[in-house]
Amino acid sequence: MNPVLEFERVERSYKKGVPVLDGVTFPVEPGEVVGLLGRNGSGKTTLIRIAMGMLHPQAGSVRVFGWSPFENPIEVKRRVGYAAEDQVLPGHSTIAQMTAFHRYLFPSWDTAWERQLLELFNLDPAARIGKLSKGQARQVALLCAICHRPELLILDEPGAGLDPAARREFLEASIQLLNREGCSILFSSHHMTDVERIGGRVVLLDGGKVFLDRPLDALRENLCVALVPKASAAESAMVERQPGCLRARSIGEDWHAVFEGEPAAVSRQLAASLGADGIRCVQVPLEELFVELLGGQR
Amino acid sequence: MMQLIVHPADELPIYRQIMRQIVEAIAGGRLRQGDKLTSHRELAEQLVVAPLTVKKAYDELELLGYVETQRGRGTFVCSEPPKMKPAEQRERLRAAARKLLSEAYLGGLRFKDAAEILREADREISSGEPSPASGIWREKEES
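Residues numbered from 1 in each chain as written. Chains lettered and ligands numbered in written order. Predicted model: local features only at pLDDT ≥ 70, side-chain atom pairs only at ≥ 80, totals over all residues. Heavy atoms only, no water.

Chemist: What is the right way to look at the interface of chain B and chain A in this model?
Modeler: In many reports, interface size means the accessible area that the parts give up when they come together. Taken together, the 25 residues of chain B in the interface contact 25 residues of chain A. For the pair chain B and chain A, the summed buried area comes to about 2,300 Å², and 52% of that belongs to carbon and sulfur atoms. Taken together, the connections running from chain B to chain A amount to two salt bridges. Note that Asp217(A) and Lys56(B) form a salt bridge whose closest N and O atoms lie 3.2 Å from each other. Between chain B and chain A we count 11 residue pairs in polar contact (both at pLDDT 80 or more) in total. Contributions of two or more residues to the side of chain B that touches chain A are made by α1 (14-27), α2 (40-47) and α3 (51-63) of chain B. Per-element accounting of the side of chain B that touches chain A gives the leading share, four residues, to α2(B). (Contact = heavy atoms within 4.5 Å. Buried area = accessible area lost by both parts, 1.4 Å probe. Salt bridge = Lys/Arg side-chain N within 4 Å of Asp/Glu carboxyl O. Polar contact = N/O pair within 3.5 Å; in protein donor to acceptor, adjacent residues only side chain to side chain. Helix = DSSP H or I, 4+ residues; strand = E, 2+ residues; numbered from the N terminus.)

Next comes the structure, spelled out in structure tokens:
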């Protein structure tokens, strides 16, 4: 089957010589849930806007269901649900007017599900959007993105501004959507526990490129963090030279290094090559991996 | 079926947490031969995790011989739990016991304390009490 979404060597900069995206290539396959991760400013929103045809890449291409979102915007938008990070909804209209408008735009709009989600999110259809809290307005935007039961859902920071209960409710709605066959999701997020809950694959952007692209479980089970006392390696380069090391950073008296492989094997390998005692290797949750791969030195 | 709990920030990936709890339920007799598991889609909605994650847990359990999927009917606990050769099983259990005792002795516990921990674990497995989140990163709770 062809990918539902495909980025091919996408490049984009806002300032000459300072690329935000510097050759990004990855597909989203049918049925996949891909979590797009990266630090602030790593280009997640830029990439998502390119997929939606809102921003042209300066080189490379994007295909959605095989179409260019620039040449076939209607064909693409019919089948895609999208919520931006800073979605602006008309403040003077009511929630009911918003959903009526979307129902009119999308023949596949699911009114029963809309009612169910309004209840789940505890939203009053008669409320004016301008009077809602930031989180509630976000829930309306998300509802509008999913109620036509899109084949591909693209969400920029769906959890931003939502309290933990509202985030969980939104994940519940996404899982209902996934349980219908054929839906794929690309979402950016800083909430690693949300990514662990619904993500199938993780794409990590760094320095304008795809730094890691792997199934979430493989990331969790095939990578480990080694805590190496500085006494046994004078420089981070000594640790980073070890086979399988993705990155080492300084944390107080230790190097924290992310390695490919089983903790026991990595720890044997390091003990042999650095001849050090007291090296500890552990598998860690996604949040810790993110910090160890992209965090600063201390 | 039974109450499962997942911790996204645990050291174990979610599909392994699901597998572990189902295996414990079978071992503790809370899930019996022929019992039907909640469908993977339904369990995904209950736990608020991706349907494919639950599917992966079920598939792995099937590979290991704990459950079997009957097309169109659902997933059931196998009538014959997977059997190892008795000698091989004793060997593996002895290795696990040595690991447990080493950890206990290094931590200053005595044999009696380790035996008490085993008894507690036995009670937990039979009653279905959820095991604590594992690992040294446990303090990282969900934000």
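Chemist: Can you walk me through the domain arrangement of chain A in this structure?
Modeler: Residue and element names in this part refer to chain A. According to the domain assignment, chain A consists of domain 1 (5-207) and domain 2 (220-294). For domain 1 versus domain 2, the separation of C-alpha centres amounts to 36 Å. At the interface, nine residues of domain 1 touch seven residues of domain 2. Summed over both partners, the interface of domain 1 with domain 2 buries about 750 Å², with 73% contributed by carbon and sulfur atoms. Taken together, the links from domain 1 to domain 2 amount to one salt bridge. A salt bridge links glutamate 196 to arginine 220; its shortest N-O distance comes to 2.3 Å. Seen at the junction of domain 1 and domain 2, the total is three residue pairs in polar contact (both at pLDDT 80 or more). Elements supplying a minimum of two residues to the side of domain 1 that touches domain 2: β3 (33-38), α7 (192-198) and β8 (201-206). Among the residues making up the side of domain 1 that touches domain 2, the classes are represented as five nonpolar, one polar and three charged. (Domains from an automatic or database assignment. Nonpolar A, V, L, I, M, F, W, Y, C, P; charged D, E, K, R; others polar.)

Chemist: Is there a simple way to think about a nonpolar patch on the surface in this case?
Modeler: Side chains of Phe101(A), Tyr104(A) and Leu105(A) sit close together on the surface and give an oily, nonpolar patch of about 380 Å² of accessible area. Mapped onto the fold, Leu105(A) is located in helix α3 (residues 95-105). (Patch = residues over 30% accessible without salt bridge, like charges linked within 9 Å, V, L, I, M, F, W, Y side chains within 5 Å. Areas by Shrake-Rupley, 256 points an atom, 1.4 Å probe, with all protein chains shown as cover.)

Chemist: Just checking my understanding: could you explain α2(B) for this structure?
Modeler: Every buried residue of α2(B) is listed here: His40(B), Leu43(B), Ala44(B) and Leu47(B). Down the axis of α2(B), the buried side of the element spans an arc of 105°, and every buried residue falls inside it. (Buried < 20%, exposed > 50% of the residue type's maximum accessible area, 1.4 Å probe, protein only. Arc of directions from axis to C-beta.)

Chemist: So what exactly am I meant to see when it comes to the nonpolar core here?
Modeler: Counting residues in each nonpolar core, the largest one holds 79 residues, and the members touching the most others are Ile18(B) and Ile22(B). Filtering out sequence-adjacent residues up to four positions away, Ile18(B) remains in contact with Leu4(B), Val6(B), Leu47(B), Val54(B) and Ala57(B). Counting residues in hydrophobic clusters, the runner-up holds 29 residues, among them Val10(A), Leu21(A), Val34(A) and Leu186(A). (Core = buried A, V, L, I, M, F, W, Y, C linked by side-chain atoms within 4.5 Å.)

Chemist: Can you walk me through the side chain of Arg138(A) in this structure?
Modeler: Residue and element names in this part refer to chain A. Locating arginine 138 in the fold gives a position in helix α5 (residues 134-146). No salt bridge is formed by the buried arginine 138. Its closest oppositely charged neighbour is glutamate 157, at 6.8 Å. At a separation of 3.4 Å, a polar atom in the side chain of arginine 138 contacts the main-chain carbonyl oxygen of alanine 160. Sequence-distant contacts of arginine 138, defined by excluding residues within four places in its chain, comprise Ala84, Glu85, Asp156, Glu157, Pro158, Ala160 and Leu162. (Lys, Arg positive; Asp, Glu negative; His and termini not counted.)

Chemist: Could you clarify how one ought to interpret the packing of helix α4 (residues 111-120) of chain A against helix α6 (residues 164-178) of chain A in this entry?
Modeler: In a pair of packed helices, the angle between the axes and the distance between the axes together describe the arrangement. Residue and element names in this part refer to chain A. Where α4 contacts α6, the axes come no closer than 10 Å and their chain directions differ by 160°. One way to sum up the angle between α4 and α6 is to call them roughly antiparallel. Judged by the sense of rotation from one axis to the other, the crossing of α4 with α6 is right-handed. Listed contacts from α6 to Trp113, Gln116, Leu117 and Leu120 of α4 are Glu169, Glu172, Ala173, Gln176 and Leu177. (Axes fitted to C-alpha atoms, helices over the stretch in contact; angles between N-to-C directions. Parallel < 35°, antiparallel > 145°, perpendicular 65-115°, else oblique. Left-handed = near helix turned anticlockwise from the far one by under 90°.)

Chemist: Is there a simple way to think about unusual backbone geometry in this case?
Modeler: Note: most residues except glycine have negative phi, and most peptide bonds are trans. Residue and element names in this part refer to chain A. One non-glycine residue, phenylalanine 65, adopts positive backbone phi at about 50°. Examined against the element boundaries, phenylalanine 65 turns out to sit in the loop between β4 (59-64) and α2 (73-79). For phenylalanine 65, a relative accessible area of 15% gives the class buried. For arginine 149, which is not glycine, the phi dihedral falls at a positive 50°. Along the chain, arginine 149 turns up in the loop between α5 and β6 (152-156).

Chemist: Could you clarify how one ought to interpret the pattern of salt bridges in this entry?
Modeler: As a working rule, side chains carrying opposite charge can pair if their charged atoms are close by. All names here are of chain A. By the definition in use, this model includes 19 salt bridges over all chains. Residues glutamate 32 and arginine 201 are paired through a salt bridge, measuring 2.7 Å at the closest nitrogen-oxygen approach. Of this pair, glutamate 32 sits in the loop between β2 (18-28) and β3 while arginine 201 is found in strand β8, placing the two residues 169 residues apart along the sequence. When sorted by exposure, glutamate 32 lands in the same class as arginine 201, which is buried. A salt bridge links arginine 214 to glutamate 260; the shortest N-O distance between them is 2.8 Å. With a gap of 46 residues between them, arginine 214 in strand β9 (residues 209-215) and glutamate 260 in strand β12 (residues 254-260) connect regions that are remote in the sequence. Here arginine 214 falls in the buried class, since its relative accessible area comes to 18%. Taken together, the shared-partner salt bridges connect Glu32, Arg201 and Asp213 into one network.

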